[in-house]
Amino acid sequence: RVLQALQQLAPEELSHYPDSSVLTSKLARLHRVEPQQVIVTAGSDEGIRWSFSAFVEEGARVAIPRPTFGAFLTAAEAAGAFVERIDYLEDLSFPVEEFRKRLSPPTPRMAVLANPNAPTGTTLPNEILLEFAHVSPNTLFLINESFASYQEHSLLDRGSLPPNLLVLRSFSKDYGL
């Protein structure tokens, strides 16, 4: 069906991005958020770059666990951020206590967490993520849920979220597109 739909498009329709308002509305309904809270990007990498461009100024402190998705570090460095790496523990569990300590003043401008994390597969309960957001309300938490469809929970299932949480999802991972 996709091939048939593409074959019916005129060349000029293939040379620009389509209007994403219908998709935005449907995603907002699916995740029970307002349409203005949804931004459709050309992949998670673009969403990550836009997030850093919009919210991280040069020299700002950014907390990023290690190992994690490489696009976070690339975007942070491109923004001119001071990157603070927090290493996973030897058993590949998330360093909750160390991460919590790093949220103390001076608080990072942004903290990035992939849930579940790639490449470790580690997941954090929503309660921990919400606690981090509460402990450090001036930090923007970029929560990458690109692989959320492979676990039993998502922050988006909780309804109302603190204003310092930015959740990324991946259409390609969730729907194979």
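Residues numbered from 1 in each chain as written. Predicted model: local features only at pLDDT ≥ 70, side-chain atom pairs only at ≥ 80, totals over all residues. Heavy atoms only, no water.

(A) Seen up close, the overall build of the protein chain. Helix and strand counts for the protein chain come out as eight helices and five strands. Ordered by position from N to C terminus, the α and β elements of the protein chain give α-α-α-α-β-α-β-α-β-α-β-β-α. In terms of C-alpha radius of gyration, the protein chain reaches 17 Å, essentially the compact-globule figure of 16 Å for 177 residues. The burial tally for the protein chain puts 40% of its 177 residues in the buried class. A sequence separation of at least 24 residues applies to 60% of the contacts in the protein chain between residues at least 6 apart. (Helix = DSSP H or I, 4+ residues; strand = E, 2+ residues; numbered from the N terminus. Rg over C-alpha atoms; globule rule 2.2 N^0.38 Å. Buried < 20%, exposed > 50% of the residue type's maximum accessible area, 1.4 Å probe, protein only. Contact = heavy atoms within 4.5 Å.)

(B) Main features of the environment of Arg-49. Note on placement: Arg-49 falls in helix H4 (residues 44-55). Residue Arg-49 is classed as partly exposed on the basis of its relative accessible area of 45%. Along the chain, Arg-49 and Ala-78 lie 29 residues apart, while their C-alpha atoms are 8.6 Å from each other.

(C) Expanded view of helix H5 (residues 70-78). All buried positions along H5 are accounted for by Ala-71, Phe-72, Ala-75 and Ala-76. The arc enclosing the buried residues of H5, seen along the axis, measures out at 135°, which places them on a common side. Along H5, exposed side chains directed more than 90 degrees from the buried face belong to Thr-74, Glu-77 and Ala-78. Where H5 is buried, its residues touch H4, strand S1 (61-66), strand S2 (82-87), strand S3 (110-114) and strand S4 (140-144). (Arc of directions from axis to C-beta.)

(D) Looking closely at the packing of aromatic side chains. Scanning the entire structure with this criterion turns up five aromatic pairs. Pairing Tyr-88 with Phe-94 gives two aromatic rings, centres 5.5 Å apart and planes at 80°, and the pair type is edge-to-face. One exposure class covers both Tyr-88 and Phe-94, and it is buried. Seen in terms of ring centroids, Phe-94 and Phe-132 are 6.4 Å apart; in terms of plane orientation they differ by 45°. Their pairing is tilted. Of this pair, Phe-94 sits in the loop between S2 and helix H6 (96-102) while Phe-132 sits in helix H7 (residues 126-135), and the two are 38 residues apart along the sequence. On the basis of relative accessibility, which here comes to 0%, the residue Phe-132 falls in the buried class. (Phe/Tyr/Trp six-rings, centres within 6.5 Å; stacked < 30°, edge-to-face > 60°.)

(E) Summary view of the environment of Ile-48. As for its position among the elements, Ile-48 is in helix H4. Sequence-wise, Ile-48 and Phe-72 are 24 residues apart; in three dimensions their C-alpha atoms are separated by 6.8 Å.

(F) Quick look at the nonpolar core. In terms of nonpolar packing, the biggest core is built from 21 residues, with Phe-94, Phe-99, Phe-132 and Phe-141 touching the most fellow members. For this core, the elements supplying multiple residues, two or more each, are H6, S3, H7, S4 and strand S5 (165-168). The greatest single-element share of this core, amounting to five residues, is contributed by H7. Residues Val-56, Ile-64, Phe-72 and Ala-81 belong to the second largest nonpolar core, which totals 18 residues. (Core = buried A, V, L, I, M, F, W, Y, C linked by side-chain atoms within 4.5 Å.)

(G) Main features of a nonpolar patch on the surface. A surface patch of nonpolar side chains, about 410 Å² in accessible area, is lined by Leu-23, Leu-30, Val-40, Phe-171 and Tyr-175. Assignment of secondary structure puts Tyr-175 in helix H8 (residues 171-175). Here Tyr-175 falls in the partly exposed class, since its relative accessible area comes to 43%. (Patch = residues over 30% accessible without salt bridge, like charges linked within 9 Å, V, L, I, M, F, W, Y side chains within 5 Å. Areas by Shrake-Rupley, 256 points an atom, 1.4 Å probe, with all protein chains shown as cover. Salt bridge = Lys/Arg side-chain N within 4 Å of Asp/Glu carboxyl O.)

(H) H7, seen in detail. Looking only at H7, the buried set comprises Asn-126, Ile-128, Leu-129, Leu-130, Phe-132 and Ala-133. Summarising the contacts, the buried residues of H7 are in contact with H6, S3, S4 and S5.

(I) Structural detail: the packing of H4 against H5. Between H4 and H5, the least distance of the axes is 9 Å, while the angle of their chain directions is 35°. Pair H4 / H5 crosses with right-handed handedness. On the side of H4, the interface is formed by Asp-45, Ile-48, Arg-49 and Phe-52, while H5 contributes Ala-71, Phe-72, Ala-75 and Ala-76. Class assignment of the residues belonging to the contact of H4 with H5 gives a composition of six nonpolar, no polar and two charged. (Axes fitted to C-alpha atoms, helices over the stretch in contact; angles between N-to-C directions. Left-handed = near helix turned anticlockwise from the far one by under 90°. Nonpolar A, V, L, I, M, F, W, Y, C, P; charged D, E, K, R; others polar.)

Shape descriptors only; they carry no functional weight alone.
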